[in-house]
Every structure is written in structure tokens, then in C-alpha cells.
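Geometric and topological summary
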Amino acid sequence: MSETLENVSDTLQKPQAVLTGEWALFLDIDGTLLEHAEHPDAVSVSDELRSLLQGLDQKLNGALAVITGRSVAAVDELFHPLKLRAAGLYGLEHRLLPDDDVEVAGEPADIAALAVEIEAELGRGQAYIERKGRVLAIHTRAAPHLLPRATQLVEQALASLPEGYRVVAGNAGVELLPLEAAKGAAIRRFMGMAPFTGRRPVFLGDDTPDENGFEAVNDAGGISIRVKPPAHTTARFGLAGVTETLAWLRGQL
């Protein structure tokens with residue numbers, strides 16, 4: 001299998017690979033394909049982006065999937081009428097074929113109660129509390145000063161919840177996740193199924209929850225790419241932002 005990527009050491013370099021049928025492509029959405037907004041519902045997908053993803057999907061014979069913290073239903077609404085293979089809620093929801101039914105992850109009563117408590121503590125309308133079944137996300141992009149308190153509240157809540165949850169702090173918010181909600185696990189699940197089986201994975205992401213996906217891709221001998229990479233990341237390559245990411249993806253067609 002040919003490869004034109006250069007290894008990196010101290011500085012993350014831009015990936016130079018040309019994707020062929022030997023590769024499987026996994027994409028985060030927010031911060032990778034779309035610029036972040038203060039509210040998750042404030043973003044929109046252009047016809048150009050839909051066309052780009054459709055073209056990549058066709059080139060890779062279906063070996064393309066989005067791996068996201070959004071639910072699969074939210075992904076479908078965002079990209080309508082395009083339906084993609086998707087792992088939603090960090091893999092708690094999984095759709096291999098565009099027409100497959102998705103088992104929706106329900107919200108436990110203790111997580112629902114915690115969401116109400118945190119919203120009351122932080123002040124309604126400042127931080128956005130996103131309730132996604134077993135995943136609870138507190139977005140502080142519109143009120144960054146609340147991130148330390150939001151993180152503290154979620155970490156304190158772990159003691160009163162059943163075992164099996166973890167806290168993940170991101171660039172502009174914090175999430176409470178079940179342990180099995182992991183992008184790396186979602187990627188490995190896809191890689192065990194056609195048309196992904198036997199290919200090498202490429203994963204693009206921009207935030208802390210994507211690091212688990214980078215690790216899985218590195219272990220599989222694939223290509224991990226972090227958008228707007230920080231000083232420390234397990235990704236082996238970097239792209240400066242969404243604009244450069246889209247340009248790199250267009251270059252693969």
C-alpha cells in the first residue's frame with residue numbers, strides 16, 4: 001500500500017495523502033467540517049459541503065462516516081437531504097447504512113435531574129445545557145467564564161451517579177459521558193464491517209473527545225489529523241482550521 005505522508009516530530013505537518021480505495025474516512029463535524037457557533041443549532045451546511053461529502057463517499061465506495069457528539073437524528077437534520085453513515089453521541093448511536101434504523105439513546109432520570117440542577121446553578125440563558133440521552137453537554141462558548149464552574153459541577157456529580165460515567169472537558173464546554181461513549185470505539189466498530197474492513201482509517205477532529213479516535217486510528221496504522229492542533233495531541237498531522245480542512249478534502253476528489 002502506497003503512502004505519501006511524512007512522519008512528524010515536533011511540529012504537526014499538513015497531511016499530503018491522496019485518498020484512494022485503500023482508505024476509510026472518518027469525520028468529526030463541529031470545528032472540523034463546520035465552524036463552531038455559540039449554539040449547536042446555529043450552524044448550517046452549504047450545498048457545496050453536501051456535494052463534497054457525497055463525492056468523497058462515492059470515491060471511497062461508501063467507506064465514509066461522521067463520528068460526532070451530535071445524535072444521528074441531529075446529523076440527518078443538519079445535512080438533509082444527504083444521509084451519511086454515522087456514529088452519534090460518540091458511538092452510543094450507530095448507523096452503518098443510510099436507511100438503517102437507529103436505536104435512540106434514552107435519557108436516564110438521574111441525568112435529567114442533573115441537567116435541571118446545573119442549568120439552575122449556571123443561570124438559564126448563559127451556558128447552553130444540551131441533553132442528549134445518556135450524554136449531558138454544557139456549552140460555554142457564549143459565556144467562557146462559566147467553564148470552570150460547569151466542569152466542577154459535573155465532576156462533583158460523578159459521586160452521586162452510577163459507575164460508568166466520565167467527564168470530558170473540551171475547548172468551550174464540558175460533557176458527562178458513559179464510558180462506552182468513545183469515538184475510538186465507534187471507529188473500530190465501523191472498521192469491522194464492510195465497506196470499511198481491510199482499509200486504513202483516516203480521522204479528522206478538533207477537540208478533546210477526538211483524541212480517543214486519534215489513538216484508535218494510530219493503533220490501526222492510519223492517519224490522525226487534528227484541526228487547530230494544540231501543543232499536545234495524539235494526532236500525527238494537523239490542519240489550521242475548517243477552511244484548510246475543507247480545502248484538503250476537496251483535494252482528495
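Being a predicted model, the structure only gives us computed values, none of them experimental. Per-chain numbering applies: the sequence of each chain, read as written, is numbered from 1 onward. Thresholds applied to this predicted model are a pLDDT of at least 70 for local features of residues and 80 or more for the giving and counting of side-chain atom pairs; totals over whole chains, interfaces and linings are not thresholded and use all residues. Side-chain numbers come from the whole structure's heavy atoms, not from hydrogens or water.

1. Some details on the overall build of the protein chain
- Helix and strand assignments come from DSSP, with helices taken as H or I runs of at least 4 residues and strands as E runs of at least 2, each series counted from the N terminus. Scanning the protein chain for helices and strands turns up seven helices and 11 strands.
- Only C-alpha atoms enter the radius of gyration; for comparison, a globular chain is expected to reach 2.2 Å times N to the power 0.38, where N is the number of residues. Relative to the compact-globule value of 18 Å for 253 residues, the protein chain shows a C-alpha radius of gyration of 18 Å, a close match.
- On the principal axes, the C-alpha backbone points of the protein chain span a range of 55 × 45 × 35 Å.
- Throughout this description, buried means an accessible area under 20% of the type-specific maximum (1.4 Å probe, protein chains only), exposed means over 50%, and partly exposed covers the range between. For the protein chain, with 253 residues in total, the buried portion stands at 52%.
- Residue contacts are counted whenever heavy atoms from the two residues lie within 4.5 Å of one another. Once local pairs closer than 6 in sequence are excluded, the contacts in the protein chain between residues at least 24 apart make up 57%.

2. Description of the environment of S51
- Tracing the sequence through the fold places S51 in helix 1 (residues 47-59).
- Of the residues examined, S51 reaches a relative accessible area of 45% and is grouped as partly exposed.
- Once the C-alpha coordinates of S51 and D76 are considered, the two residues, 25 residues apart in sequence, prove to be 15 Å apart.

3. Here we look at the domain arrangement of the protein chain
- According to the domain assignment, the protein chain contains domain 1 (14-92 + 182-251) and domain 2 (109-178).
- Placing a centre on the C-alpha atoms of domain 1 and another on those of domain 2 gives a separation of 25 Å.
- At the interface, 16 residues of domain 1 touch 16 residues of domain 2.
- Once two parts are brought into contact, the accessible area they lose, counted with a 1.4 Å probe and summed over both, makes up the buried area. Buried surface at the junction of domain 1 and domain 2, both sides included, amounts to about 1,200 Å², of which 60% is carbon and sulfur.
- Three residues, E38, Y90 and L92, lead the burial of domain 1 against domain 2; their summed loss comes to 34% of the area buried on that side. Per the annotation, domain bounds derive from an automatic or database assignment of domains.

4. Thoughts on the pattern of salt bridges
- Here, a salt bridge means any side-chain nitrogen of Lys or Arg that lies within 4 Å of a carboxyl oxygen of Asp or Glu. Applying the stated criterion across every chain, the model contains 15 salt bridges.
- We note a salt bridge from R50 to D47, for which the minimum N-O separation is 3.0 Å. Of this pair, R50 and D47 are both found in helix 1, three residues apart, which corresponds to roughly one turn of the helix.
- A relative accessible area of 62% means that D47 is categorised as exposed.
- Between D210 and K183 there is a salt bridge whose closest N-O contact spans 2.6 Å. Residue D210 is located in the loop between strand 9 (200-205) and helix 6 (211-219), and its partner K183 is located in helix 5 (residues 183-191); the two are separated by 27 residues in the primary sequence.

5. A few points about empty space enclosed by the protein
- Using a 1 Å grid laid over the protein atoms alone, points where a 1.4 Å probe fits but cannot get out form a cavity; open sets with protein on both sides within 12 Å along at least 5 of 7 lines form a pocket; any residue with an atom within 4 Å of a point counts as lining. Grid points are joined across faces, edges and corners, and a volume is the space filled by probe spheres set on the points. Tallying each qualifying case throughout the model produces one cavity of 30 Å³ or more.
- Its volume calculated, the largest cavity comes out at about 460 Å³.
- Secondary structure elements with two or more residues in the lining of the largest cavity: strand 5 (128-132), strand 6 (135-139) and strand 8 (173-178).
- At three residues, strand 8 tops the list of elements feeding residues into the lining of the largest cavity.
- Here the lining of the largest cavity spans two domains, and each of domain 1 (14-92 + 182-251) and domain 2 (109-178) adds at least three residues to it.

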